[in-house]
Amino acid sequence: PEFHAPYKAEMPISLLQKNGWCNGEILVSRRNYSASILTLMTCLGKRTIQRDHSRCNPTGRCRALDFNEATYETKHTRNGCKCLHPNLQTGVLHDIILRNEIIVVNSTGRSPEKWQYSTSQDEKFVAISHVWSDGLGNPTANSLPLCQLEIIKKRVDDLYGETTKTVPFWIDTLCVPVDSFLR
């Protein structure tokens, strides 16, 4: 007969805590996953973005990613950057949505006025969903700073290599209307 030493479930828990996991997340994971899965989770290593978990509920509610919509500020890529938000035509956004088509964003140049909405029309595009706590949300308008859009655009285009034309993308901040009647 084989002998298996009893598994200590506390070992992955302490490693997850050491790696910056929220106690609430750990508790929920412990309820829903086996000790083997918890051990695999420790292989993810340290959380690269350290979050403030002081407001988290120890019984399972992580609040580190919560934000206050009234004081929320969309972030630029560098401190002190004051670049413009391109004026994407929300009327075009509304028209495309009312036609029940998939809306995407693209740019034909580097200046703010070169950014525009269009439909995907069966061409490839990249869909991006982000975490508002990382600064890419906007509770008052369908806009992001030009510096953020340029980085997103470069990363999207890099997915398909240099030989491909510019690739449109869908991102919730720009493509899900702020107006609740169109959501």
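Residues numbered from 1 in each chain as written. Predicted model: local features only at pLDDT ≥ 70, side-chain atom pairs only at ≥ 80, totals over all residues. Heavy atoms only, no water.

## Notes on the packing of aromatic side chains
Alright, step 1. Evaluation of the coordinates by the stated rule reveals 1 aromatic pair.
Alright, step 2. Their ring planes at 70° and their centres at 6.1 Å tell us that Trp115 and Phe169 sit as a pair that is edge-to-face. Remark: Phe169 occurs in strand β4 (residues 169–171) and Trp115 occurs in strand β2 (residues 115–119); sequence separation between them is 54 residues. Of the two residues, Trp115 and Phe169, both sit in the buried class. (Phe/Tyr/Trp six-rings, centres within 6.5 Å; stacked < 30°, edge-to-face > 60°. Helix = DSSP H or I, 4+ residues; strand = E, 2+ residues; numbered from the N terminus. Buried < 20%, exposed > 50% of the residue type's maximum accessible area, 1.4 Å probe, protein only.)

## Here we look at the pattern of salt bridges
Alright, step 1. Across all of its chains, the model carries 3 salt bridges by this definition.
Alright, step 2. The closest approach of N and O atoms between Lys153 and Asp157, which form a salt bridge, is 3.0 Å. Linking Lys153 with Asp157, this pair stays in helix α5 (residues 146–159), spanning 4 residues, or about one helical turn.
Alright, step 3. By relative accessible area, which is 8% here, Lys153 ends up buried. (Salt bridge = Lys/Arg side-chain N within 4 Å of Asp/Glu carboxyl O.)

## Overview of the side chain of Asn142
Alright, step 1. Along the chain, Asn142 falls in the loop between β3 (126–128) and α5.
Alright, step 2. Among the polar contacts made by the side chain of Asn142, one reaches the main-chain carbonyl oxygen of Thr173 at a distance of 3.0 Å.
Alright, step 3. Here the side chain of Asn142 touches Val178 through a polar contact of 3.2 Å, landing on its backbone nitrogen.
Alright, step 4. Leaving out residues up to four positions away in the same chain, Asn142 has contacts with Leu88, Thr90, Leu93, Tyr117, Thr173, Leu174, Cys175, Val176, Pro177 and Val178. (Polar contact = N/O pair within 3.5 Å; in protein donor to acceptor, adjacent residues only side chain to side chain. Contact = heavy atoms within 4.5 Å.)

Coordinates in, geometry out; function isn't part of it.
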